[in-house]
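Fold and contact review
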Amino acid sequence: MRKLPYVHRYRDRHGRLRHYYRRPGCKSVPLPGSPGSAEFMAAYEAALRGQDVARPEIGQGRTKPGSIAALIAKYYRSAEWAGLKDSTKNTYRGILERFKAAHGDKPVKLLEKKHVRAMVAEKAATPAAANNLLRMLRLLMRFAIEEDFRADDPTVGVKSVRYVTDGFHTWTEDEIARFERTYPVGTRERLALALALYTGQRRSDLVRMGRQHVRGDRIRVKQVKTGKELWIPLHPSLAEILAQTPVDNMTFLTTGQGKPYTAAGFGNWFGDAARAAGLQGCAVHGLRKAAARRLAEAGCTPHEIAAITGHKTLKEVERYTLAADQERLAASAMERIAHGQLANHPEQLAKPSRKRMKRKGS
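One structure accompanies this document, and this report is about it. Source: prediction; values computed, not measured. (Residues numbered from 1 in each chain as written. Predicted model: local features only at pLDDT ≥ 70, side-chain atom pairs only at ≥ 80, totals over all residues. Heavy atoms only, no water.)

1. Describing the overall build of the chain
To keep things clear, this is the line we draw: The helix count covers DSSP runs of H or I at least four residues long, the strand count covers runs of E at least two residues long, and both are numbered beginning at the N terminus. Exposed residues in this analysis have more than 50% of their type's maximum accessible area, buried residues have under 20%, and partly exposed residues fall in between, with area computed by a 1.4 Å probe over protein chains only. Residue contacts are counted whenever heavy atoms from the two residues lie within 4.5 Å of one another. Using a 1.4 Å probe, accessible areas were evaluated by the Shrake-Rupley method; residue-level cover was limited to the displayed protein chains.
Scanning the chain from N- to C-terminus turns up 16 helices and six strands. Taken over 362 residues, the chain has a buried fraction of 36%. Across the chain, the fraction of contacts at a sequence separation of at least 24, relative to all contacts at a separation of at least 6, is 58%. Of the roughly 22,400 Å² of accessible surface on the chain, 53% is carried by carbon and sulfur atoms.

Encoded structure:
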């Protein structure tokens, strides 16, 4: 196995080989298991992101063959897992680790449809979490069949929890104005707002943006989630704010200690800033939706909006801009009707009414 950056090893007084993650300016972090193992790589990736590494419990390494824990460990070592984006791995691992904590020692072959239904029903109060669990169980059971852990899929026929949601709240113009009044130009908060609102990108892309990505009057974005490359014209308001941003870091957005944000850390920090400004339910992703809304209100087509946001399908764009499109199209339709009526009946403008003519002659 190739040498991993920042990993150091030594033998303790009992002759055991120990591994630590040691990076200049960061605290030393012990890494469990052997290099290349699922638990080792999970802890190493967490340390790279600056997250706390959970210490393994006693007996954690004694995984039972054929168990849920063994299946998940094998999935972490699979080519399918290796091909996932880091952001996707983080999401999947969170769900899988919680599932393993509750059912890791149970045999995979004994999982039945009734058990899956019960697990989904248990999370019915949080439909999104219930459906995310079901989606991961479907993926895991397909992998189990491929790896001969079992012959059938117990998730077949299990229905997801139905619910209606618009997802993240789209920031209104009043909310944007209130945030700007709270955080003037020159603050990190205002810079974050401008980057999100005038590029329409996800938080995973916002935290990677830096001066090196600006070329003339455009900013280059290579999206983490899709791998898509975009060249986005700089809005005058964003250009003005960037001109006042110090050029002493590789990224525009940095923590109070001058380090780059993780996507999750940035989302949490920005959410706190919004709440401090008196805004409830206003997440950074809602600014991506607000950017799409503004473009729709300006009369941009779904293709033009997708050229900025980088959405893969127009259906996603339409979902973001549905309310703005409805208002704009309704106003346009009524205006056409009004003009059409006047064009078909020009005498309404050219001729006075009979009543007025009688009064004039009397």
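2. Concerning the environment of leucine 234
Positionally, leucine 234 belongs in the loop between strand 6 (229–233) and helix 10 (236–243). Taking the C-alpha atoms as reference points, leucine 234 and valine 214, separated by 20 residues in sequence, lie 8.7 Å from one another. Discounting residues that sit within four places of it in the chain, leucine 234 has contacts with Val214, Gly216, Asp217, Arg218, Ile219, Ala239 and Leu242.

3. Points about the pattern of salt bridges
Quick reminder of the rule: Here, a salt bridge means any Lys or Arg side-chain nitrogen found within 4 Å of an Asp or Glu carboxyl oxygen.
A full pass over the atoms with the stated rule returns 12 salt bridges. A salt bridge links arginine 93 to glutamate 45, with the shortest nitrogen-to-oxygen separation between them at 3.4 Å. Here the residue arginine 93 occupies a position in helix 4 (residues 86–103), and glutamate 45 occupies one in helix 1 (residues 38–48), the gap between them amounting to 48 residues.

4. What to know about the packing of aromatic side chains
Where two aromatic rings form a pair, the distance of their centres and the angle of their planes describe that pair. Inclusion rule: Ring pairs are drawn from Phe, Tyr and Trp, using the six-membered ring of Trp, whenever the two centres fall within 6.5 Å, and their geometry is named by plane angle: stacked under 30 degrees, edge-to-face over 60, tilted for the rest. A ring is scored as having a charge over it whenever the NZ atom of a lysine or the CZ atom of an arginine sits within 6 Å of its centre and within 35 degrees of its normal.
Scanning the entire structure with this criterion turns up 15 aromatic pairs. Here a set of aromatic residues connected by ring pairs shows up, and it is made of Trp171, Phe179, Tyr183, Tyr261, Phe266, Trp269 and Phe270. Positioned above the aromatic ring of tyrosine 20 is the side chain of arginine 22, whose terminal nitrogen or guanidinium carbon lies 5.1 Å from the ring centre. Across from the ring centre of tyrosine 76, 5.5 Å away, lies the NZ or CZ of arginine 93, which sits over that ring.

5. With respect to helix 4
Because each turn of an α-helix spans 3.6 residues, side chains separated by three or four positions end up pointing in the same direction. Selection criterion: A helix's residues, less one, multiplied by 1.5 Å, set its expected span.
The terminal C-alpha atoms of helix 4 lie 25 Å apart, and with 18 residues this matches the ideal 26 Å at 1.5 Å per residue to within 8%. Taken as a whole, helix 4 has its buried residues at Lys89, Arg93, Ile95, Leu96, Phe99 and His103. Buried residues along helix 4 sit against helix 1, helix 2 (68–76), helix 3 (79–82), helix 5 (113–122) and helix 6 (127–146).

6. Here's the deal with the sheet that holds strand 6
Definition in use: When DSSP finds at least two bridges between two strands, those strands are taken to pair.
With respect to topology, three strands assemble into an open sheet ordered 4-5-6, the strand pairing being antiparallel. In this open sheet, the two strands that pair with only one neighbour each are strand 4 (214–215) and strand 6. Here strand 5 (residues 218–222) pairs with strand 6 via five bridges, running antiparallel. Opposite arginine 220, over in strand 6, you have tryptophan 231 as the bridge partner.

So far we have only geometry, and geometry alone does not tell us how the molecule works.
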